[in-house]
Amino acid sequence: MTIATPYIFGASVIGPLHIQDGLSCQDACLYEVVSDDFGIIAVADGLGSVPMSDLGARLSVEAAVSAAKSLLCDTSKDGPDISEIPMKMMRAARESLEETALREGFRLGDMATTLITVLFRGDSIYTAQIGDGAVVARVDGSLVLLSGPLNSEYANEVTPITCNDWQASIFSAEARSGAECVAVFTDGCQRPALLKTAEGYGPFEKFFHPVFSYAAEVEDIAKGGQELGEFLSSEKISEYSEDDKTLVLAVLQGRQQ
Amino acid sequence: MSLLNEVEIANPQHPHCATLLLLDTSGSMEGDKIRQLNEGLNFFKEDILQDDLARKRVDLAIVTFGEGVNIVQNFSSVEDVPDMQLTAEGLTPMGYALSTAMDLIEQRKNEYKIKGVDYYRPWIFMITDGEPTDMKPGDAKWNSVVGRIHEGESSKKFLFFTVGVEPANMQTLKELSPQNRPPLKLKKDRFREMFSWLSKSTKRTSASKVGDIVPLDNPAGPEGWGEIETA
């Protein structure tokens, strides 16, 4: 049985290092198709150095998706500009963390996490990002890095949404049309998925071509998510990245024959 | 699963941790001190090799200053570093040695960038029993070298650690070191413990991932190998 587009599926898996250290998965993802037309995706990676980053990641994606759904329900003529929704998802996530910190007596920084928010409608995609991870789309047959890692120079330093200058640290990508499918992922997937040169990052064709082909042929969302989880947990993907991994795939239009 | 068979990995390499040991081999290090330094160095190398992840990720360089400044080992995998038998002679051209160390760090980072290799913030770890003989506090060379150390640390180009071995001039080392990381004075005969701390710290750094602040054991704690002079 085929699935009507658009559809979204994904997985977050714990990395070998956290398994070894007895820690929980600090990645989180949430996604939903709304009104058979809009797709909402939120992906977060909690910082390993703070005690409640798994909570921070989970609260962030929940608040982000909830905010997007609320905004999309506003069908009034003064309703939201959908290009602004990813940024509003970011703001909602930050506010959720602030409220939790205040209510529970936590330090905001103890829930530090990165966050990527994506909204799509038809073949148009809108993206915002703080921290690392990336968004790659196939647009008119070509791979495009819509948003890339925003870490510092170094492999173990990143800017989270809990930092003081979080608003200035958000990258908001220009809207992109013509998208057929999109992948949103945390930094645990960067080494397999992104080429890195002195000029910066770029999507790796030999990773995304099979992944997007697989996504277009999925016939059962639940099974697709499970298989994606097994894929991310495999030795081949984990060999050079002991980190937690999240990969969310969305097929916006059409299906490969 | 056919997806697994079909995908290829874009960047099949580990992130690297460039660690530069800057070692005083001036004449005053002769005898027990140079012997302990050599033993500590070789212990450090062997300890890193025992750790599966660190062995693949730590790149080591060794620069000595005594009879001139010598790049004994430019950056390479720890597996390629031979056993060290350093000898002590000469003065203490610390200024030139520090400049050389910072140049090597920048070159290594450029190589990483060109090759698309992820890397951690590099370490410079200096061990000295004296004070510089090629520069004095306040002269042009001093201002240039020390300014570069402080700027490098504050702009996160590297992490800079200094250890003074008796009878090092700790006041001079304090002025040379970044304010956030004052020099440590090595307790007597604690070379081995110092290198053990260094290998443990390096292993932790090379296992850290994005978002991690790497907690290091306090070297100046009650059981530590060093002390911070407050006078």
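Values in this document were obtained by computation on a predicted structure and should not be read as measured data.

1. Overview of the overall build of chain B
Then comes step 1: Check the secondary structure of chain B and you find 7 helices and 7 strands.
Then comes step 2: When the helices and strands of chain B are listed from N to C terminus, the series reads α-β-α-α-β-β-α-β-α-β-α-β-α-β.
Then comes step 3: For 231 residues, the compact-globule estimate of 2.2 N^0.38 gives 17 Å, and chain B sits close to it at 18 Å.
Then comes step 4: With respect to the principal axes defined by its C-alpha atoms, chain B has extents near 65 × 35 × 35 Å.
Then comes step 5: Counting all 231 residues of chain B, 48% fall into the buried class.
Then comes step 6: Taking the contacts inside chain B whose residues are at least 6 apart along the sequence as the reference set, 71% of them involve residues at least 24 apart.

2. Details of the sheet that holds strand β9 (residues 179-185) of chain A
All names here are of chain A.
Then comes step 1: Taken in spatial order, the 5 strands line up as β1-β12-β9-β6-β7 in an open sheet, and their pairing is antiparallel. Each edge of the open sheet carries a strand with a single partner, namely β1 (7-13) and β7 (142-147). Going across the sheet, the axis of each strand differs from the next one's by a mean of 15 degrees, ignoring polarity.
Then comes step 2: Taken strand by strand, helix α5 (residues 205-217) contacts β6 (134-139), β7, β9 and β12 (245-251), and its axis lies near 110 degrees from that of β9.
Then comes step 3: Here helix α6 (residues 221-233) sits on the sheet in contact with β1 and β12, set at roughly 35 degrees to β1.

3. A closer look at the nonpolar core
Then comes step 1: One finds Ala42(A), Ala64(A) and Val182(A) to be the most contacted residues of the largest nonpolar core, which totals 81 residues.
Then comes step 2: Ranked by residues supplied to this core, first place goes to helix α2 (residues 53-73) of chain A with 11 residues.
Then comes step 3: What Ala42(A) contacts, discounting residues up to four positions off in sequence, is Cys29(A), Leu30(A), Val61(A), Ala64(A), Val65(A), Met89(A), Leu115(A) and Thr117(A).
Then comes step 4: With 60 residues, the next largest nonpolar core counts Leu22(B), Val165(B), Met170(B) and Trp197(B) among its residues.

4. Quick look at the interface of chain A and chain B
Then comes step 1: On the chain B side, the residues contacting the 33 residues of chain A number 27 residues.
Then comes step 2: Where the side of chain A that touches chain B is concerned, the elements lending two or more residues are α4 (190-193), β10 (194-197), α5 and α6 of chain A.
Then comes step 3: Looking at which element gives the most residues to the side of chain A that touches chain B, the answer is α5(A), with 5 residues.
Then comes step 4: A per-class count over the side of chain A that touches chain B returns 17 nonpolar, 6 polar and 10 charged.

5. Description of α5(A)
All names here are of chain A.
Then comes step 1: A rise of 1.5 Å per residue sets the reference length of α5, with its 13 residues, at 18 Å; its end C-alpha atoms lie 18 Å apart and thus fit the reference within 8%.
Then comes step 2: Among the residues making up α5, those that are buried are Phe 207, Phe 208, Val 211, Phe 212, Tyr 214 and Ala 215. Each buried residue of α5 lies within a common arc of 155 degrees when the element is viewed along its axis, so the set occupies one face.

6. Some details on the sheet that holds strand β2 (residues 27-34) of chain A
Residues and elements named next belong to chain A.
Then comes step 1: Reading across from one edge, β2-β3-β4-β5-β8 is the order of the 5 strands in this open sheet, with antiparallel pairing throughout. The outermost strands of the open sheet, each flanked by one partner alone, are β2 and β8 (171-172).
Then comes step 2: Pairing between strand β5 (residues 124-130) and β8: 2 bridges, direction antiparallel. Bridge pairing in β8 places Gln 129 opposite Phe 171.
Then comes step 3: Each of β2, β3 (38-46) and β4 (113-121) touches α2; the most contacted strand, β3, lies at about 165 degrees to it.
Then comes step 4: Lying on the sheet, helix α3 (residues 85-104) is in contact with β3, β4, β5 and β8; it crosses β4 at an angle near 145 degrees.

What counts and how
- Residues numbered from 1 in each chain as written.
- Chains lettered and ligands numbered in written order.
- Predicted model: local features only at pLDDT ≥ 70, side-chain atom pairs only at ≥ 80, totals over all residues.
- Helix = DSSP H or I, 4+ residues; strand = E, 2+ residues; numbered from the N terminus.
- Rg over C-alpha atoms; globule rule 2.2 N^0.38 Å.
- Buried ≥ 20, exposed ≤ 12 C-beta atoms within 10 Å, placed from the backbone.
- Contact = placed C-beta atoms within 7 Å.
- Pairing = 2+ DSSP bridges.
- Axes fitted to C-alpha atoms, helices over the stretch in contact; angles between N-to-C directions.
- Core = buried A, V, L, I, M, F, W, Y, C linked by C-beta atoms within 7 Å.
- Nonpolar A, V, L, I, M, F, W, Y, C, P; charged D, E, K, R; others polar.
- Expected span 1.5 Å × (residues − 1).
- Arc of directions from axis to C-beta.

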